[in-house]
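Chain by chain, the residues run as shown.
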Amino acid sequence: MVSQFSTIPRRQSQQVAIGHVLVGSESPVVVQSMTNTDTADADGTARQVFELWQAGSELVRITVNSPEAAAQVGLIRRKLDAMGCNVPLIGDFHYNGHKLLAQYPDCAEALAKYRINPGNVGKGSKRDEQFAAMIETAIQYNKPVRIGVNWGSLDQEKMARMMDENAQSANPLSSDALMREALIQSALESAAQAEAIGLASDKIIISCKVSNVQDLVTVYGDLGARCNYPLHLGLTEAGMGSKGIVASTAALSLLLQQGIGDTIRVSLTPQPGESRTTEVVVAQEILQTMGIRSFTPLVTACPGCGRTTSTYFQELAQKIQRYLREQMPIWRSQYPGVETMSVAVMGCVVNGPGESKLANIGISLPGTGETPVAPVFVDGEKTVTLKGDAIAEEFQVIVENYVQK
Ligand code: SF4
């Protein structure tokens, strides 16, 4: 079994409470996600938040972009409570957050955290005033905030000032380095401003998201060394399908291995019809395959080759993984520790018995030319040999019995 918490030393950061979820270096790295429903649709949004939570998202962010959306946030919270879902909701604000939070106290109260993008708070003399209004609301309702800077919406007035100064400097930064520095400064100066207004430092989380892996690693390495706020980690606009998954995994893994990152979000563009929960599964699998946290028993399966007689073993591996994932909302509370269990489904005798013995439960299916039997191993010992047409069903029962014991 994989240990529940990794031994990778974490960058030290303060503990921030987002509702009942703690984020900081003394707590496990938290998985979060974001809905893509119209928040004005309270039923649809509550349903998607519930699905994300059931998939294992420990925080869920919803966009609050209009009066119609803000008016529904309290109702969404009450619907979730009625469904037995206590996941903290985070409100994502841009441009009009100061107005919406002031005009909809039910929304300000129902949210467990406010995300503020310093690049989208306002322009010119209005900027500081509107930023202060949001921070004062956070103080009034005792809520934490995330100062969430994004490469695509960097404060343009600040950027212009920094470019002028850089042009006058004896040692000017390259344009890429200047952009990275502008992101970090925007986040840290906004956090300092929030503290000066009166928000406690343990109510602040920071993020500086970019869409390029190497830039993200450089930015967060630098940012992490310059503050002790918890860091929300994510590669923004990672993209679709395998590209988005690979880019997010590469970026987040490099930083998590350095102990950087207190909460993560994997931003994937779903395929039409694809469940939003994919981003939760990917975030969990990044943490679990790195040995940082465990969420769901994972299936080890070989890739298959010319020695496999059919796609039967791939189908069995998928079926078992799907089954394990579907059971987790129930198992999580009934069988603490079940998430660290490992299952192997292997295609032939070459690596089948070896991998099966290393897992808690493993099955080695027969390859080409082998006797059509499937030995099953439990905690390293061969316990039974399955054969016939019901191998998949019988193996699933063995897995269920193991979990219950
Ligand atoms: Fe091929 Fe057997 Fe290896 Fe699977 S375990 S990849 S079927 S040789």
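Going by what an unreviewed UniProt entry lists, the protein is known as 4-hydroxy-3-methylbut-2-en-1-yl diphosphate synthase (flavodoxin) and is assigned to Methyloradius palustris. The heading Function (unreviewed entry) in the UniProt record of the protein holds the text "Converts 2C-methyl-D-erythritol 2,4-cyclodiphosphate (ME-2,4cPP) into 1-hydroxy-2-methyl-2-(E)-butenyl 4-diphosphate." Check the Sequence similarities (unreviewed entry) section of the UniProt entry for the protein; it says "Belongs to the IspG family."

A. Region of the structure containing the overall build of the protein. Looking only at helices and strands, the protein has 13 helices and 17 strands in total. Scaling as 2.2 N^0.38, a compact globule of 405 residues should have a C-alpha radius of gyration of about 22 Å, and the protein matches this with 24 Å. Of all 405 residues assigned to the protein, the portion counted as buried reaches 54%. Summarising the internal contacts of the protein: among those between residues at least 6 apart in sequence, 66% fall at separations of at least 24. Accessible area for the protein stands at about 17500 Å²; split by element, carbon and sulfur atoms hold 52% of it. Side-chain charges of the protein comprise 34 positive and 41 negative groups, with the mean position of each set lying 1 Å from the other.

B. Here's a closer look at the sheet that holds strand 7 (residues 145–150). Pairing is parallel in the open sheet, where eight strands are placed in the order 8-7-6-5-4-3-11-9. With one partner strand each, in any of the chains shown, strand 8 (204–209) and strand 9 (232–233) form the two edges of the open sheet. Pairing of strand 5 (residues 89–93) with strand 6 (residues 113–116) involves four bridges; the strand directions are parallel. Looking across to strand 6, one finds that Phe93 is bridged to Ile116. Helix 1 (residues 42–55) rests against strand 3 (30–34), strand 4 (59–63) and strand 5 of the sheet, and its axis sits at about 155° to strand 4.

C. The sheet that holds strand 16 (residues 374–378), seen in detail. The strand order across the open sheet built from five strands is 13-14-15-16-17, with neighbouring strands paired in mixed fashion. The open sheet has two edge strands with one neighbour each: strand 13 (298–301) and strand 17 (381–386). Averaged over neighbouring strand pairs, the angle between their axes works out to 20° when direction is ignored. Bridging between strand 13 and strand 14 (residues 342–346) involves four bridges; their strand directions are parallel. Residue Leu298 lies in a different strand from strand 14, and its bridge partner there is Ser342. In this fold helix 11 (residues 312–334) packs onto strand 13, strand 14 and strand 15 (361–364), with an angle of close to 170° to the strand it touches most, strand 13. Relative to strand 15, helix 13 (residues 391–404) is tilted by about 165°, and along the sheet it contacts strand 14, strand 15, strand 16 and strand 17.

D. Quick peek at the pairing of strand 14. Along strand 14, four of the five residues are buried, which leaves the element largely enclosed by surrounding structure. In terms of strand pairing, strand 14 meets strand 15 through four bridges, oriented parallel. In the sheet register, Val345 faces strand 15, and the bridge partner there is Ile363. For the crossover that starts at strand 14, traverses helix 12 (residues 352–358) and ends in the parallel strand 15, the hand is right-handed.

E. Spotlight on the site of the ligand. If you check the shell around the ligand, you find Cys302, Pro303, Gly304, Cys305, Arg307, Thr308, Gly347, Cys348, Val350 and Asn351 and nothing else. Class assignment of the residues belonging to the shell around the ligand gives a composition of five nonpolar, four polar and one charged.

F. Molecular detail of the environment of Gln288. Mapping Gln288 onto the fold places it in helix 10 (residues 278–289). Along the primary structure Gln288 and Glu339 are separated by 51 residues, whereas in three dimensions their C-alpha atoms are 9.6 Å apart. Beyond its immediate chain neighbours, meaning those up to four positions away, Gln288 contacts Arg293, Ser294, Phe295, Thr296, Leu298 and Glu339. A polar contact is formed between the side chain of Gln288 and the backbone oxygen of Glu339, at a distance of 3.4 Å.

G. Layout of unusual backbone geometry. Non-glycine residue Tyr95 carries a positive phi angle of around 70°. For Tyr95, the position within the fold is in the loop between strand 5 and helix 3 (97–103). Take Tyr95: its relative accessible area is 58%, and that puts it in the exposed class. Notably, Asp379 is not glycine yet its phi reads approximately 50°, a positive angle. Of note, Asp379 is situated in the loop between strand 16 and strand 17.

Reading the values: rules and limits
- Residues numbered from 1 in each chain as written.
- Predicted model: local features only at pLDDT ≥ 70, side-chain atom pairs only at ≥ 80, totals over all residues.
- Heavy atoms only, no water.
- UniProt positions renumbered as here; feature names shortened; annotations may be inferred.
- Helix = DSSP H or I, 4+ residues; strand = E, 2+ residues; numbered from the N terminus.
- Rg over C-alpha atoms; globule rule 2.2 N^0.38 Å.
- Buried < 20%, exposed > 50% of the residue type's maximum accessible area, 1.4 Å probe, protein only.
- Contact = heavy atoms within 4.5 Å.
- Areas by Shrake-Rupley, 256 points an atom, 1.4 Å probe, with all protein chains shown as cover.
- Lys, Arg positive; Asp, Glu negative; His and termini not counted.
- Charge placed at Lys NZ, Arg CZ, Asp CG, Glu CD.
- Pairing = 2+ DSSP bridges.
- Axes fitted to C-alpha atoms, helices over the stretch in contact; angles between N-to-C directions.
- Right-handed = clockwise from strand over helix to strand, strands pointing away.
- Near = heavy atom within 4 Å.
- Nonpolar A, V, L, I, M, F, W, Y, C, P; charged D, E, K, R; others polar.
- Polar contact = N/O pair within 3.5 Å; in protein donor to acceptor, adjacent residues only side chain to side chain.

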